[in-house]
Each structure stands twice: as C-alpha cells, then as structure tokens.
Amino acid sequence: MEYNHKDIEAKWQKIWAEEKTFKAEEHSKLPKYYVLDMFPYPSGAGLHVGHPLGYIASDIYSRYKRHKGFNVLHPMGYDSFGLPAEQYAIQTGQHPAITTENNIARYREQLDKIGFSFDWDREVRTSNPDYYRWTQWIFKQFFNAWYNTSADKAENIETLIAHFEANGTSDLTAAQTEELSFTAEEWKGFDEQKQSDILLNYRLAYRSESMVNWCPELGTVLANDEVKDGVSERGGYPVVQKKMMQWSMRISAYAQRLLDGLDTIDWSTALKESQRNWIGRSEGASLEFKIQDSTSKIEVFTTRPDTIFGVRFMTLAPEHELVNAITTEEYKDAVRAYKEMAARRSERDRMADTKTISGQFTGAYAVHPFNGELIPIWIGDYVLASYGTGAVMAVPGHDSRDWAFAKHFDLPIKEVVAGGNITETAHEVKDGTIVNSDFITDMAVADAVKAVCDKAEEMGIGEAKINYRLRDAIFGRQRYWGEPIPVYYENDIPKLMDDADLPLNLPEVDKYLPTEDGEPPLARAKVFTYKGFEVETTTMPGWAGSSWYFLRYMDAQNDGSFVSNEAMEYWQNVDLYIGGSEHATGHLLYARFWHKFFEDMGLVNSQEPFKKLINQGMIQGTSALVFRVKGENKFISKGLKDSYDTYPLHADVNLVNGSELNIEGFKNWRVEFNDAEFVLEDGKYIVGHEVEKMSKRWYNVVNPDDVISQYGADVLRMYEMFLGPLEQSKPWNTQGLSGVNGFFKKLWKLYQNGFSDEKATEGELKTLHACIKKVNEDIENF
Ligand code: ANZ
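Residues numbered from 1 in each chain as written. Predicted model: local features only at pLDDT ≥ 70, side-chain atom pairs only at ≥ 80, totals over all residues. Heavy atoms only, no water.

A.B. asks: Please clarify how the pattern of salt bridges should be interpreted in this entry.
C.D. replies: A side chain with one charge can pair with a side chain of the opposite charge if their charged atoms come near. Taken as a whole and judged by the stated rule, the model has 42 salt bridges. A salt bridge links Lys332 to Glu329, with the shortest nitrogen-to-oxygen separation between them at 3.8 Å. The exposure class of Glu329 is exposed, given its relative accessible area of 65%. Across the pair Glu664 and Lys667 runs a salt bridge, and its minimum N-O distance is 4.0 Å. Separated by three residues within a single helix, Glu664 and Lys667 lie in helix H20 (residues 663-669), roughly one turn from each other. Given the relative accessible area of 48%, Glu664 is considered partly exposed. (Salt bridge = Lys/Arg side-chain N within 4 Å of Asp/Glu carboxyl O. Buried < 20%, exposed > 50% of the residue type's maximum accessible area, 1.4 Å probe, protein only. Helix = DSSP H or I, 4+ residues; strand = E, 2+ residues; numbered from the N terminus.)

A.B. asks: Where do I start with the packing of aromatic side chains in this structure?
C.D. replies: How two aromatic rings sit relative to each other is given by the distance of their centres and the angle of their planes. All told, the structure shown has 71 aromatic pairs when counted by the stated rule. For the ring pair Phe118 and Trp120, a centre distance of 5.6 Å and an interplane angle of 80 degrees mean the geometry is edge-to-face. The same class applies to Phe118 and to Trp120, which are both buried. The ring centre of Trp669 lies 4.3 Å from the NZ or CZ of Arg670, which sits over that ring. (Phe/Tyr/Trp six-rings, centres within 6.5 Å; stacked < 30°, edge-to-face > 60°. Lys NZ or Arg CZ within 6 Å of the ring centre and 35° of its normal.)

A.B. asks: When you look at the sheet that holds strand E19 (residues 493-496) in this model, what are you seeing that I'm missing?
C.D. replies: Neighbouring strands of a sheet are bound in pairs by backbone hydrogen bonds; such pairs are parallel or else antiparallel. Strand order across the open sheet formed by four strands is E19-E18-E21-E20, with antiparallel pairing between neighbours. Either end of the sheet is taken by a strand with one partner, and the two such strands are E19 and strand E20 (529-530). Here two bridges tie E20 to strand E21 (residues 533-535), and the two strands are oriented antiparallel to one another. Within the sheet, the bridge partner assigned to Thr529 lies in E21 and is Glu534. (Pairing = 2+ DSSP bridges.)

A.B. asks: Would you mind going over helix H24 (residues 762-780) with me for this structure?
C.D. replies: Along an α-helix, a turn takes 3.6 residues, which lines up residues three or four apart on a common side. With 19 residues, H24 extends 27 Å between its outermost C-alpha atoms, agreeing within 8% with the 27 Å of an ideal straight helix rising 1.5 Å per residue. Positive phi shows up at Phe782, right after H24, with a value of about 50 degrees. (Expected span 1.5 Å × (residues − 1).)

A.B. asks: Help me out: how do you make sense of the pairing of strand E12 (residues 313-316) in this one?
C.D. replies: Along any regular strand the residues' side chains alternate between the sheet's two faces. Burial of the side chains of E12 extends over both faces: Phe313 and Thr315 are buried on one face and Met314 and Leu316 on the other. When E12 meets strand E15 (residues 391-394), the two strands line up antiparallel, connected through four bridges. When the bridges of E15 are listed, Met314 appears paired with Met393. Sheet topology note: the E12/strand E14 (residues 374-379) ladder contains three bridges and is parallel. When the sheet's bridge partners are listed, Met314 is paired in E14 with Ile377.

A.B. asks: Looking at this model, I keep getting lost on the sheet that holds strand E1 (residues 32-37). Mind explaining?
C.D. replies: Spatially, four strands are ordered E2-E1-E22-E23 in an open sheet, and the strand pairing comes out parallel. Whereas interior strands pair on both sides, the edge strands pair on one side only; in this sheet they are strand E2 (71-73) and strand E23 (610-615). The sheet shows a mean angle of 20 degrees between the axes of neighbouring strands, taken without regard to direction. Of the pairings in the sheet, the one linking E1 to strand E22 (residues 574-579) comprises three bridges and is parallel in character. Counterpart to Val35 in the pairing with E22 is Leu576. Sheet strands in contact with helix H19 (residues 587-600) are E22 and E23, and its direction is about 175 degrees off that of E23. (Axes fitted to C-alpha atoms, helices over the stretch in contact; angles between N-to-C directions. Contact = heavy atoms within 4.5 Å.)

So this is what it looks like as structure tokens:
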C-alpha cells in the first residue's frame, strides 16, 4: 500500500477532534506539564512555514510528555486586539471584529492541517468580551493597590489610606511618582479631589501627566519597545515627545524583583541579559550640590562618587526644572534657544547619538560640597530628564561623554584616578588609586566610594543609592481596537466601575479615527457613560491581554473568576514556553511583572510565570532573483548576466524549480513581463538566490498548506525539525522536502513489509534501544 498522507491525516484529525484526544484534565492524579506557545496575532496574510516552527517543537514535546505519563496542558488562542485590523478598519470602514473573526478562521484552518495536539476547548481570544472582562478586572486590582517597599510587596490601597489617617506620610515606605509630605491632620482635611490626586501618586495603575512617545501618523502613544530609531516599529512613522495625561503601570516598583527572579528561571543567557540591561540597575550615590546665591540645590545621581574631586562642571538635562530659575539674564536667550532645539529630539535619538555634542552654559555656578570650589552649570542633551535626577556631576577625566563635552567647549579636565592619559581620552576604569582628591587621596576606588558616601551621609547631603533604568509602562492608547479601561470620572476623580458591570464593552462608533478635537475614537460613541458620568476613552495597550492569557488557559471557561483556585493549584505556571526573542523586553517583562503582582495579591501560587523558555530561530526565505537588462524587458540567465548591464528583481519562488525558472509562469505572473525576452544557458533560465526574511515583499513566502497538500503534515513537521537546532535561524529550501519525503516512504514500506513474529536478536534489541535513547535525548535537547 502506498503512503497516502491525505487519507491518514484526515482520518486521525477527525478522530482527535471527535474524541477530544488532547483535552487536558484538571482533576488528574498524573503530574502536570504545561507547554505554552506565544499565541499569534491573526494577521490577514495567514501563516507561512516560518510561523509554525516553534509550535511544531512544542507539539512534539507535548506528545513526548504525554507518553512519559504527564497530564499535559497544551493550549492555543489569539492575541486578537491590535493595530493592523484597526488600520484596515480606518481604510475600509470594516469593523475590526469582523476582520479579526475572518483572520482567525483562516489561522485555525491552517493550524488544523498541521495536526497540532492543542486542547481547543481552552481557546482564548483577547478581544472577546468574556476574556477582556477579566483584563478589566485585573486593571481594577492594580488601581486598588500600592507598593510597600519595606514589606517588598503590593498591598491594598486601604492600608495606605489607613497609614495616612494615622501618620500622614511619616514613616511611609512606598513606591511613588514623587515624594510627598503631609500630616495625618492635613490628610483628613484634604477634599476628595486632593485625596484622589495624592493616591494616584502611589497606585500601581495611575494617571499622570507624563512624557510619552506620540506617533501622529498612527494617532497613538507608543511604548518604548515599540519605537525603534525614532520611528514606530509598525509602519516606520515618526515619533515625537509630548506631555499628556496618561494611564501608566508602576512596573518600576518591581525592578529588583524582576532582576532577582531571573536567577531562578531556565531561560537563555542572552534573553536574561537583555532583560537585565532593560531594567538597568546602577549602584552609586545621590549627592546634593548647593547653587551659588540661591536656596535651590541640584541633586545628582552618580555611579562614581569616588571621582567627586574631579568634577569640573555640572550638566543638567535641558528639561530640568531648575534651568529657568538659575539661568542668568545674560544667557536667557541662548538657553531658551537650546531648549527648543533639544525638545525636537527624542530620548532615544539623544541616547543613540554620541557624536553630536551640544550644550549651553547657564551663567550659574554650583558649590563643591567638600572644598567649596565653584562649578559652572551647563545644560546638555546627553543628560536625560527621565533618568536618575536629570543632572550630572561632570567628571571629564573619567567619563567619556563628559570628556567629549569638555573638549568641545574647552573646559578643564582633571585627573583623580591614576593610571590613564586624560589628555588623550577619559580614563574610565573602576580599579586604581585615587589622586588629587583631599581626604580620599591614595585610596582604592572601592574604598573611596564608601568614604564619600559615608561623608555625604554625615553631612546630610547624600547617600548610597541604587537606580534603575526601567520606566513605568504607559497603559493607555488613543485607539479603538483595545480593551476599554473600566474607569469613569466623577468631577474629574477617576473611579472604578463595579465588578458586576463588567465587561465594559467596546462601544459602536461611526469611524475608527480620533474625533475632530483629537479625542480618541471611543469619544465618538453616542452613549458612553456610567452612572451618568463620562467613561475613560483611551483603551489598554497591546500588552494587556497577553500579560495573563497563560493563566486563563488553566480555566478558560470560568465566568465566576479569572482562574479558579483549584485550577491554579493544579497547573501553577508554565513549564515550557516557546516563542520569539523579539518579545524580550516587552511581553516577557510585562507578564513577569503582572505575575509578581498576582502573587502579592494571593491570586497565583508561583513567583514566575514561565519556568523554562526557548526562543525559536527564524526560518528565512530563499528568494529567487532574475536579472533584467537596464531599460529593456530582457532577462539574462545567472551565468551570463555579467556580460550585460543588469539589475536583480525578485521572482516568486513558486515559479522556480531548484534553480530553474518556469519561464511561461513568470511571463504570466505580471502583465509587464508578458512579452519579456530571455537569454538562456543550456536552454534554461537559471535564477540567483538570496537568503532573507520570509516576507510577501520578497515573494519568497512558502505556504504550509501547499507543502501539506503535496507531502503531508508529517513531512512538513519533520522537515522543519530537520532544518537544524530549534534556536538557530535557518533558510527554508523547498528542495530539501523530497529527502524527508523519501524517508517517510521508506519507513512506511518497512512498516508494511518488515514485520515478523520472530524473537528479536540481541543485535536488533541493541539497535532499538540505542534509537530510543537517542530520540529521548534529542527531544530533551530540542
Ligand atoms: C559622575 C561620574 C564620573 C559618572 C565618572 C560616571 C563616570 P549608569 O551606569 O547608566 O547608571 N548620569 C547620571 N544621570 C544621568 C542622566 N540623566 N543622563 C545622562 N547621564 C547621566 O550611569 C550613571 C552615570 O551616568 C552617572 O555617574 C552620571 O555620570 C551619568 F567617572 O557621575 B556619573
């Protein structure tokens, strides 16, 4: 009998669906194992062969674990809120829910063909009201919480209010936007509006005026990780800095726990490193400098307090709040002009650009805290307003940015750590001996750091301090296709909707664009009020729904709670997570943050959501190139092209067999090629190849449906695994399929003809067991 993949696959897929073969059981005596894939955004283009690479690996592992006696949870769903459906809605008026529904249907069809062992009864869709009701409920929990830094966990806002009522802000240890100070009496005397404003300074979901990445073209605010090189990651539109009222999440309160947790999980070093860098912990000191003839002080954050005697100038961020107050009459115009220029550059650009040096003297001087020296105060855009205190004690001898600044403006440079040549370059090393530095001279760097911190503390002008680069995460978007935020405004005071009234459904609107006054699209809704009050019109960001979907899979149908205690008790967290590394500092950080918050609230029973994580590599496309003579409709075969003046064009890879172009197919592909001429080698047109991203744009996309219809799902799956280690990127080559196909045919034949009832020989058993061992090891090693 021939190997007929169509019959075999259709038969089994039907049985699996009918019998729910892969249904996971909550009440099992077996040990659990939870295998998760990053759920896809259902785009209009459908899946290409690169997309399922990770899914195939996780599916193999799920089947393997089932065979090993585990009760395996292996679910799938859709991250179905997002920009493309909405952009399409803006262009065509089609409701994004419809586009999304259609795209999901197409994805499901494709996924089914590949024969995955998903438990489809647990499917989630983030844009489904049954799901986002719980995302809204989670938002409420964040709003109702503050972070107690001495307990090192989040607590209900009631405990903060109780603290204010008893002690005001005295002895308060809290993560906060700014430091506030009031007594219990004052607190009790504040009106509701004032109390509400104060609480927002501590809530874990809070509203504040803050600088955001505003993308005018997309009409929305973007998260830091959605901006690449000053343009939006999606679409490549310009992004500018703008101050706006915004909802944010206080992820900064969790910086240290997010760092510490990394040591407890089995993720790649590269991935952990990128989270560590993103969180950006720096140990150093905060130090205060008096300003000459002024009562104001400048606080700086420095990682090198040991270089304090090398300070030759101060640099403030142009946006620093003291700049206007301290600038002398003489420098007012120049400072204003400089500030305007700096405002046009995003933080990212300012950080990335280390070549352009610019700055402006303010006319003011600071006073050295230890020796009284006068230090000129400059502003410069290499200092970022949002990091540390937005002010730097500049030590040109030992910091390269300060060195470049000093050279550029001809400011003095002083050596305070021995061993370098500061006329050539900044000497930035952290070991060595301190010189020219009063009471720390001759000390080693580490001792000098401590001595300066101690002295500063004694004088009441500073202390050792740890700083994190991680910023709070913006949580609102001025867009339609996202979760509505369950907040309404009673006299400008944000209040939460009742649980019983969730979900707050997305309202119908006539257009998916902002209103004429620049309000978000939800403001177009005819009625969008709650208890007679206006409802928040921004929606949640793309990362809201994906920060907890893996918990919902544990108990996807539950309409009484986001996950039941029993389901949580049994499944706990994800044992194996497979997905792309592009989510390193977005989704994977946000999901860890939410999980830690849930832990604080007693909602989950583990500290980390994803115990083991593997980033699959990319499957790249192998593009086909044809060589067109400049100014003519004539194509030269690859081997002869150097004798002509040609340029390469991409041809659809589906028109190529090996390296030979299907000329008739190519002519019919595009009207413009209908009467093209071809210069052949040995009667063939040979194309060139190039390995690049698999993308519609390069006509190198291979659809898994086509592979499956020709060879079957098993060949597709095995071929993808045969391409190489899961974590590596590797090019697709349709030619390679026939090899795997040949293997299947052989295996099938063996199965048909190769059996006998004779006892296996010792040699045969040896071969069998060596094979079993190898299969186990290879699967365990991915
Ligand atoms: C004096 C000094 C001397 C510094 C020296 C470095 C070397 P990380 O490691 O990134 O935390 N800095 C502080 N706030 C800044 C801001 N808002 N924008 C730009 N730079 C800022 O770096 C901390 C160091 O970066 C601080 O230590 C400060 O320069 C600078 F030999 O202070 B340092």
